[in-house]
Amino acid sequence: QEAAALFNEMDESRTGTLTLAKFDHYAAMHTLMLVKELFRNVDIAPNRQIEKKEFKIYFMSHGLSRSQAHALWDSMDLNRNGRINFIEFRDRAGEILETQSLEQVALQLGLVS
């Protein structure tokens with residue numbers, strides 16, 4: 001049942017076939033949804049900008065050490081303005097997701113139990 005539901009979710013055009021393009025589209029949309037949800041969870045204010053304090057609180061409460069959180073922050077705050085906007089966050093998260101499965105990342109970041 002679960003596999004059939006997933007297939008139907010990926011087969012938006014209801015052709016009964018799954019192409020690489022359909023799978024790629026599903027994976028991209030699913031990834032973007034996870035990234036948006038995570039951004040909202042980290043952006044406590046919510047002012048559509050993640051401040052360093054918000055960032056550290058969130059990621060340290062999900063298992064990163066202070067130095068790991070600081071290193072991740074530095075890799076995401078590309079323009080060094082002390083805030084991370086959604087574009088910076090999305091781009092860096094995309095790079096991370098290229099090397100880890102969605103499930104691994106979601107579990108590490110507390111999005112699923």
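The structure displayed is predicted, hence computed values, not measured ones.

**Digging into the environment of His25**
- Relative to the elements of secondary structure, His25 occurs in helix 2 (residues 20-42).
- By relative accessible area, which is 38% here, His25 ends up partly exposed.
- Sequence separation between His25 and Met10 is 15 residues, and the spatial gap between their C-alpha atoms is 8.2 Å.

**Digging into unusual backbone geometry**
- Backbone geometry at Arg14 places phi at a positive 55 degrees, although glycine is not the residue there.
- Relative to the elements of secondary structure, Arg14 occurs in the loop between helix 1 (2-10) and helix 2.
- Unlike most non-glycine residues, Arg80 shows phi in positive territory, near 55 degrees.
- Its location among the elements puts Arg80 in the loop between helix 4 (66-76) and strand 2 (83-84).
- Its relative accessible area of 55% is what places Arg80 among the exposed residues.

**Comments concerning the environment of Ser75**
- Position of Ser75 relative to the elements: it lies in helix 4.
- The exposure class assigned to Ser75 is partly exposed, which follows from its relative accessible area of 24%.
- Expressed as a C-alpha distance, the spacing of Ser75 and Glu88, which sit 13 residues apart in the sequence, is 9.4 Å.

**Some remarks on the packing of aromatic side chains**
- Tallied over the entire structure, the rule returns five aromatic pairs.
- Note on Phe39 and Phe86: the rings are 5.4 Å apart at their centroids and 90 degrees apart in plane angle, and the pair reads as edge-to-face. Of this pair, Phe39 sits in helix 2 while Phe86 sits in helix 5 (residues 86-99), and the two are 47 residues apart along the sequence.
- On the accessibility criterion, Phe39 (7% relative accessible area) is buried.
- By relative accessible area, Phe86 is classed as partly exposed at 23%.
- Considering the side-chain rings of Phe55 and Phe59, the 4.6 Å spacing of their centres and the 45 degrees angle between planes classify their relative orientation as tilted. Residue Phe55 and its partner Phe59 are both found in helix 3 (residues 52-61); the two are separated by four residues, about one turn of the helix. Phe59 shares its class with Phe55; the two are buried.

**Things to note about helix 4**
- Here helix 4 has its buried residues at Ala69, Leu72, Trp73 and Met76. Considered in projection along helix 4, the buried side chains sweep an arc of 105 degrees and stay on one side of the axis.

**Some points on the nonpolar core**
- Counting 15 residues, the largest nonpolar core has Val42, Ile50, Phe55, Phe59, Ile84 and Phe89 as the members making the most contacts within it.
- Contributions of two or more residues to this core are made by helix 2, helix 3, helix 4 and helix 5.
- Phe89 has contacts with Val35, Leu38, Phe39, Ile50, Met76 and Ile84, leaving out every residue within four places of it along the chain.

Conventions we followed
Residues numbered from 1 in each chain as written. Predicted model: local features only at pLDDT ≥ 70, side-chain atom pairs only at ≥ 80, totals over all residues. Heavy atoms only, no water. Helix = DSSP H or I, 4+ residues; strand = E, 2+ residues; numbered from the N terminus. Buried < 20%, exposed > 50% of the residue type's maximum accessible area, 1.4 Å probe, protein only. Phe/Tyr/Trp six-rings, centres within 6.5 Å; stacked < 30°, edge-to-face > 60°. Arc of directions from axis to C-beta. Core = buried A, V, L, I, M, F, W, Y, C linked by side-chain atoms within 4.5 Å. Contact = heavy atoms within 4.5 Å.

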